Amino acid sequence: MIRSMTGFGSATFDNGIYKIGVEMKAVNNRYRDISIRMPSGLRALEASIVEALNKYALRGKIDIYINFVNNNEENKKLAIDKDLLIAYYKSLQEINTTIKSVDKKAKLKNISLIDLANFQGVINLADDSLDLEAIKPLLMATVEEATEEFVKMKCIEGENLKKDLLRRLDIIAKHTEKIKVIAPERLVNYRTQLIETLKSLLSEQNIDENRIIQECAIMADKMDITEEIVRMGSHLQQFKASLEMDGNIGRKLDFIVQEMNRETNTMASKANNAEIANLVVEIKGELEKIREQIQIGKEVMQARLVNIGYGTIIAVDRIIAVVAPESAPIKRIVQEAKELKNLIDATYGRRTRSVIIMDNSTVVLSAVQPETITNRVNMDIIKEKGRVNEE
């Protein structure tokens, strides 16, 4: 079944003690990028939420918003963020000093404890006041309900997308059939034009009919598009059959569209007919629209992954470079990533042998040699190409 990459789903739960609201929305993205916004007290459950979503094989940029209200007055405890409180106080003192250095007569209102307490984040609900064991099944059930609605919407949009693709395939099939009908007329027209040209240059007595037949036979071989028309029909059937399959069919559809484009280009080069040329242009227009749909609007690609050692797996298409760690520039890159908290150490305490630079400025350290990682990536690409050709 085709599923759209965009979708929306929501669900709520309220038992008088806990009130939970979950909203999910997704937009097109080549990879799976899940962002969860939830109260800090529930952060310990984030991994469980992501794990629950894995069974749905969701892709795209997915934003999840979780609202939580605790109406259980008995277990509520407040916590003061002392560091934040001190930072607010020092900032206010600095503001006071700065203004008085400009205007000593300025009259400023003294800050009160109530004012400080009202600053965002100073006083929060203590994490240990939440019974996560009791909340987890309720939250997970609400997430499950929102996800079911989310997937349902994606399936509905996917079905509409499928109808559009089938409509475009029918248009291509009709144009191909017209080309099949017109094709034989080209040789007749060519023979007529050839005879008329020879008559204008030679007398009828000097025209060699055998020579005309020979020229027509050569031209017939050059203009023959029977093979291309047959293959185009086969590709159309394969495309329609693939739309009925389950799983990730995008790569196969993309490959079929490439083959259809190849057949269309061959027909265009052999056309030698204005009407066929116009039909080819129409076919290429429809193929381009189909290509855009399956590459942007659908779940068409599954991110290629590579193991960089000790169970750590990253997306191949996000890698910019895999380099050795010894050079001074690379060491600076690693240090800067560490300072910006963009560094992922996947060496598990072992010696760093590779530095992997990702397209989102993340730097990953690996205990595997750069050549080994590169070989793994290349082998996966070769296997993927073989699998697409088999399909």
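Right above here is the structure, for reference.
**Side note on the overall build of the protein chain**
The secondary structure content of the protein chain amounts to 10 helices and 12 strands. Within the protein chain, the fraction of its 391 residues that count as buried is 36%. Summarising the internal contacts of the protein chain: among those between residues at least 6 apart in sequence, 74% fall at separations of at least 24. In the structure as shown, the protein chain presents an accessible area of about 23600 Å², 52% of it carried by carbon and sulfur atoms.

**Concerning a nonpolar patch on the surface**
On the surface, Leu-78, Ile-80 and Ile-123 cluster together into a nonpolar patch covering about 320 Å² of accessible area. Mapping Leu-78 onto the fold places it in strand S5 (residues 78–80).

**A look at the packing of aromatic side chains**
As enumerated under the stated definition, the model contains 2 aromatic pairs in all. Between the aromatic rings of Tyr-88 and Phe-119, the centroid separation amounts to 4.5 Å while the plane-to-plane angle is 20°, which identifies the pairing as stacked. Of this pair, Tyr-88 sits in helix H2 (residues 82–102) while Phe-119 sits in the loop between helix H3 (113–118) and strand S6 (123–125), placing them 31 residues apart in sequence. Residue classification places Phe-119 among the partly exposed positions, given a relative accessible area of 28%.

**Remarks on unusual backbone geometry**
Phi is positive for Lys-341, close to 60°, though the residue is something other than glycine. Here Lys-341 shows up in the loop between helix H9 (328–339) and strand S10 (343–345). Its identity is not glycine, yet Tyr-348 carries a phi of approximately 55°, on the positive side. Topologically, Tyr-348 is positioned in the loop between S10 and strand S11 (354–358). A relative accessible area of 55% places Tyr-348 in the exposed class.

Rules of the game
- Residues numbered from 1 in each chain as written.
- Predicted model: local features only at pLDDT ≥ 70, side-chain atom pairs only at ≥ 80, totals over all residues.
- Heavy atoms only, no water.
- Helix = DSSP H or I, 4+ residues; strand = E, 2+ residues; numbered from the N terminus.
- Buried < 20%, exposed > 50% of the residue type's maximum accessible area, 1.4 Å probe, protein only.
- Contact = heavy atoms within 4.5 Å.
- Areas by Shrake-Rupley, 256 points an atom, 1.4 Å probe, with all protein chains shown as cover.
- Patch = residues over 30% accessible without salt bridge, like charges linked within 9 Å, V, L, I, M, F, W, Y side chains within 5 Å.
- Salt bridge = Lys/Arg side-chain N within 4 Å of Asp/Glu carboxyl O.
- Phe/Tyr/Trp six-rings, centres within 6.5 Å; stacked < 30°, edge-to-face > 60°.

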